[in-house]
Structure formats: structure tokens, C-alpha cells
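An overview of the molecular structure
Residues per chain are reported as follows:
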Amino acid sequence: MKKVVKFGGSSLASAEQFRKVGEIIRSDEGRRYVVPSAPGKRYSDDIKVTDMLYDCYHAAAAGEDFGRKMSRIKARYQEIIDGLGLQLSLDEEFAEISENFKNQAGNDYAASRGEFLNGKIMANFLGYEFIDPAGYIFFDEEGVLDAEKTNTCLAERLKDVERAVIPGFYGANYDGTVKTFSRGGSDVTGSIVAKAVRADIYENWTDVSGFLVTDPRIVDNPEVISTITYKELRELAYMGATVLHEDAIFPLRQEGIPINIRNTNRPLDKGTMIVESTCNKPKFTITGIAGKKGFASINIEKDMMNTEIGFGRKVLQVFEENGLSFEHVPSGIDTMTVYVHQDEFADKEQNVIAGLHRAVQPDSIDLESDLALIAVVGRGMRRNRGTAARIFAALAHSHVNVKMIDQGSSELNIIIGVENRDFETAIRSIYDIFVLAQV
């Protein structure tokens, strides 16, 4: 078994957490390639090392004395080194970083040093080889990951390496300068490494025991999803459910490599398996519930619009010309509704209304704001009758008015529109009828 294991910032925030990680890695011979994040918060009011680096670099770029800020960062790492009893000095690395800060190496370089330094400690702690991803993960001139070149070079570098630490979050631009992924990009590095070494599994260790059925800020102690498909995860992530960086899915999906979300603080929990497809029946009819607030709807009415060729294209072209993307477009015989992000739409609403009148000459246009969209996702819905009816019954019982419903042809998800004020109530109602009623 060949495993790539990625550990998030909370899992590596202190020497105590490092020891937990070390026990996890050493408990399984298959855990051969380790992708660490920068140290996260040790407690609620703490500051992440990445944020400390940004602050330090901004001071340097402004020509200020940044020595004290850099000393605080160095102290964070020294605390981990001392706590682990390592004979390791990072003096040379910090001297180089300080010099590069003076020379204004850039925000990406500054942010990447958190993972770089933590990788040095992790490699020393485990006795693994350290590999700097800046030499093997490449971005093109547009700032987009060069997946083919990266995979070729990284696979060649790792083919004879039994055990290695490869810091997450960054690679190199076409000109050799350091380039980072977006926040949470260590997840992406882990998936890139897993693809390069053709791993049997990619374990992503964090501070939760897997992917939850819904937001724990809305529902107390929601159930953990044992197995979820890439498609289901994509639907939930699109609606705001976050445990894994979205871009981390694609390299693994191409290779059929499963992802296992695990909890560093509860290593015996099985977590969530993310797979291409599965014969395993889900525990519940639904897999997950996720949603977002802050939408507006534009309802366009026109008699016989269904007979007017190109009507939908003309409507959406108006939104395109105003730089607006749409979320959903439910329609009827004489009506078409476009859902957009309210904050993006607010300053352009009158331009859009005028554009729609010119483009399709509607009978009327109505706007509605302060709406929320909720996605109910699950492969189990295909085999169970009455899913939509149960959703409507639960919402009616909770006095939630449904503004919109949209179901994809895959029968994998149902999107429901409600008012912002009913958002939390709606999610709790759906969770209760599909999960609590079945436990």
C-alpha cells in the first residue's frame, strides 16, 4: 500500500500536534509521502504563521524594520523544534528569507515560507527526505498549474524515493519565482503528489472526523458521511461545504485514487472516503445538505416565450454583457427566472432591466432579493420515491415558504430557494426528516 498523507495547519500547530502526526505516520508503513501545511492556530486567539509572514513581508516591503516580526515567527518554529527535542537549526533559512524580504521577493514567496520551514522540521523529525516543490510543481504564464509538466517532473523525482516530505501550497512560476495556490492549496499539492506516485490512497488529515452531512454551526453534531462520490462532493462544495480544496479533486479523479478525510486528534475514526463511484448504499437517502445566502432573482414574464427561438440565449446574453454569472435558471411556459449573487447584481440591476427590455421585450420584470439556495444532494435519491415530497412536507411543517425548486436530470441533487431568514430553519428541517428520523 502506497499512501500520500497531507496534514493541515491545525494538525501541525505545536510540538504536541507534531507528535500526534508522527505517531499516525509511523503506525502505517504505507504512509510514505507527507505534505505538511504551515503551523495553524494553537488556540482560538492565536495567529496562523502564514498571516504572520504576510504581516512581516508587508512591513519589509514598506521599508520598515521587520526584525521583531521575523523574530516572533522564528520563535514559533523554535518552540516546535525544542518541544520535539530536535538538533535542528533554521538560522540559514531565516537569514535567506530575511534577505529575500528586503529584496521584495513577493507575497507568494512570503506566504510559502510557512510550509517550507514546517517541511524542514517534519523531514528532520521523521527522518524523511525533504523535497522543495518549487523545483517540481510548475505554473504557466497565465498563473495556471501546468499539470502535465508537473506530473512528469515530480513522478521522475519521486520514482526512487522511498519516503519524502513535500511542503504544500506552492510551486514555481514559469520564470522560477515562487507561486502559491489559493488558500487551502496544500490539499492540491497532496493530490498532485498522489497522482505522481500513483498512490493507492490520499489521506487528508485535518481537525474534523470527515465530511459532515451539514454545517455544524446550524445543526448540532451532524452525522459524518462515511462515503461520498466526487460528483456529490462537487455539488456540495459548490454550495459552500468546505473540507477539501475543490481543485484537489481533479488530479485524483483522473487516476481513480480515493481520498480519505481523517481527524488528527481522533486517528481511530474512519473519516470519509471520497470515491469515483461505489456500490455501497448510503446510510441515509441524502448524502449532504449545503447552501448559501445572498441571492437575488429576476423573474421575466412574456406570453408565448416558449415559442420564441433564442429567447433564453438573449436573456442570458444581457447578464453576460453586464459581467454577471447566473446560478440557476428555472423556467415555465411564459416565465423565466434568473438567480444571481445579490452583491454582484445590486449596482447593475437597472442596466440589466434596461438590457432585458431591449433584448426580449418582456411583459413584466420582477426582482426579489434576500434569497438563499439550498442543495440537497445524494446518490440514494435515485432509488427512493418521494424525496421531493418529503422535503416539501418538512419545510411546510416548519412554515418555510419555498420560492424555487430545481432538480437536475441526474437526480443527484435538488436545489431549493427560500428567503434568507428561513435558511437555517430549512436546513434543520431537511436534516431532521432525512437523518434524525432514520437514526
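A brief structural summary.

**Topic: the environment of Glu79**
Along the chain, the position of Glu79 falls in helix H3 (residues 67-84). Remark: the alpha-carbon pair of Glu79 and Ala15, spanning 64 residues in sequence, is separated by 7.4 Å. If we skip the residues at most four places from it in the chain, Glu79 touches Ala15 and Arg42. Side-chain polar atoms of Glu79 contact the side chain of Arg42, separated by 3.1 Å.

**Observations concerning the packing of helix H10 (residues 311-321) against helix H12 (residues 349-360)**
Where H10 contacts H12, the two axes come as close as 9 Å, and the packing angle between them is 150°. The angle between H10 and H12 places the two elements in the roughly antiparallel class. Along this stretch, H10 crosses H12, giving a crossing that reads as right-handed. Residues Phe311, Lys314, Val315, Val318 and Phe319 of H10 pack against Val352, Gly355, Leu356, Ala359 and Val360 of H12. When grouped by side-chain class, the residues that make up the contact of H10 with H12 number eight nonpolar, one polar and one charged.

**Side note on helix H14 (residues 423-436)**
Given a rise of 1.5 Å per residue, 14 residues ought to cover 20 Å, and the 19 Å separating the end C-alpha atoms of H14 matches this to within 8%. Taken as a whole, H14 has its buried residues at Phe423, Ala426, Ile427, Ser429, Ile430, Tyr431, Phe434 and Val435. Tucked into the core, H14 has its buried residues touching strand E11 (288-301), strand E13 (364-377), helix H13 (387-397) and strand E15 (413-419).

**What about the packing of aromatic side chains?**
Applying the stated criterion to the full structure yields eight aromatic pairs. Ring plane angle 80° and centroid distance 5.2 Å describe the contact between Tyr57 and Phe101, whose orientation is recorded as edge-to-face. Taken together, the residues Tyr57 in helix H2 (residues 49-61) and Phe101 in helix H4 (residues 91-102) connect sequence positions 44 residues apart. This pair shows no difference in class: Tyr57 is buried, exactly as Phe101 is. Relative to Phe130, the ring of Phe116 lies with its centre 5.7 Å away and its plane at 85°, an arrangement referred to as edge-to-face. One end of the pair, Phe116, is in helix H5 (residues 107-126); the other, Phe130, is in strand E3 (residues 129-130), with 14 residues separating them in the sequence. One aromatic cluster is present, built from ring pairs that chain together Tyr57, Phe66, Phe101 and Tyr109. Residue placement shows Arg113 over the ring face of Phe116; its charged tip is 4.4 Å from the ring centre. We note Arg113 situated over the ring of Tyr170; from NZ or CZ to the ring centre the distance is 5.3 Å.

**Things to note about the sheet that holds strand E14 (residues 404-407)**
Spatial strand order, E12-E11-E13-E15-E14: five strands in an open sheet with antiparallel pairing. Lying at the two open borders of the sheet, with one neighbouring strand each, are strand E12 (335-341) and E14. The average angle at which neighbouring strand axes cross in this sheet is 35°, direction not considered. As paired strands, E13 and E15 are joined by seven bridges and run antiparallel to one another. Among the inter-strand pairings, Ile374 is bridged to a residue of E15, identified as Ile416. Helix-sheet contacts for H10 involve E11 and E12, and the interaxial angle to E12 is about 25°.

**Some thoughts on the nonpolar core**
Among the nonpolar cores identified, the biggest contains 69 residues, and Val4, Leu158 and Ile430 are the most heavily contacted of them. Not counting residues up to four positions away in its chain, the partners in contact with Val4 are Tyr33, Val35, Gly190, Val193, Ala194, Val197, Ala199, Ile201, Tyr202 and Glu203.

**With respect to the side chain of Lys3**
Topologically, Lys3 is positioned in strand E1 (residues 3-7). By relative accessible area, Lys3 is classed as buried at 11%. Within the structure, Lys3 has its side chain in polar contact with the side chain of Asp28 (distance 2.7 Å).

**A few points about the sheet that holds strand E7 (residues 201-206)**
Strands sit in the order E3-E4-E2-E1-E7-E9-E10-E8 across an open sheet of eight strands; the sheet is mixed. With partners counted over all chains shown, the strands left at the sheet margins are E3 and strand E8 (227-229), one partner each. One ladder, built from five bridges, connects E7 with strand E9 (residues 259-263); its direction is parallel. Residue pairing across strands places Thr206 opposite Asn263, the latter belonging to E9.

**What to know about a negative patch on the surface**
A cluster of acidic side chains, namely Glu301, Asp303, Asp363 and Asp366, defines a negative patch on the protein surface. Along the chain, the position of Asp303 falls in the loop between E11 and H10.

**Examining the pairing of E11**
Strand direction decides the pairing type here: E11 and E13, joined by 12 bridges, are antiparallel. If you follow Lys292 over to E13, its bridge partner there is Leu373. As defined by bridge partners, E11 adjoins E12 across seven bridges and the pair is classed as antiparallel. Across the sheet, the residue bridging to Glu301 is Thr335, located in E12.

**Considering the pairing of E1**
Of all five residues that make up E1, five are buried, and the element is covered over most of its length. Across the two faces of E1 the burial is the same, with Lys3, Val5 and Phe7 and Val4 and Lys6 all buried. Where E1 lies against E7, five bridges are found, and the strand directions are parallel. Within E7, the residue paired with Phe7 across the bridge is Trp205. Pairing of E1 with strand E2 (residues 31-36) involves five bridges; the strand directions are parallel.

What counts and how
- Residues numbered from 1 in each chain as written.
- Predicted model: local features only at pLDDT ≥ 70, side-chain atom pairs only at ≥ 80, totals over all residues.
- Heavy atoms only, no water.
- Helix = DSSP H or I, 4+ residues; strand = E, 2+ residues; numbered from the N terminus.
- Contact = heavy atoms within 4.5 Å.
- Polar contact = N/O pair within 3.5 Å; in protein donor to acceptor, adjacent residues only side chain to side chain.
- Axes fitted to C-alpha atoms, helices over the stretch in contact; angles between N-to-C directions.
- Parallel < 35°, antiparallel > 145°, perpendicular 65-115°, else oblique.
- Left-handed = near helix turned anticlockwise from the far one by under 90°.
- Nonpolar A, V, L, I, M, F, W, Y, C, P; charged D, E, K, R; others polar.
- Expected span 1.5 Å × (residues − 1).
- Buried < 20%, exposed > 50% of the residue type's maximum accessible area, 1.4 Å probe, protein only.
- Phe/Tyr/Trp six-rings, centres within 6.5 Å; stacked < 30°, edge-to-face > 60°.
- Lys NZ or Arg CZ within 6 Å of the ring centre and 35° of its normal.
- Pairing = 2+ DSSP bridges.
- Core = buried A, V, L, I, M, F, W, Y, C linked by side-chain atoms within 4.5 Å.
- Patch = residues over 30% accessible without salt bridge, like charges linked within 9 Å, V, L, I, M, F, W, Y side chains within 5 Å.
- Areas by Shrake-Rupley, 256 points an atom, 1.4 Å probe, with all protein chains shown as cover.
- Salt bridge = Lys/Arg side-chain N within 4 Å of Asp/Glu carboxyl O.
- Lys, Arg positive; Asp, Glu negative; His and termini not counted.
- Charge placed at Lys NZ, Arg CZ, Asp CG, Glu CD.

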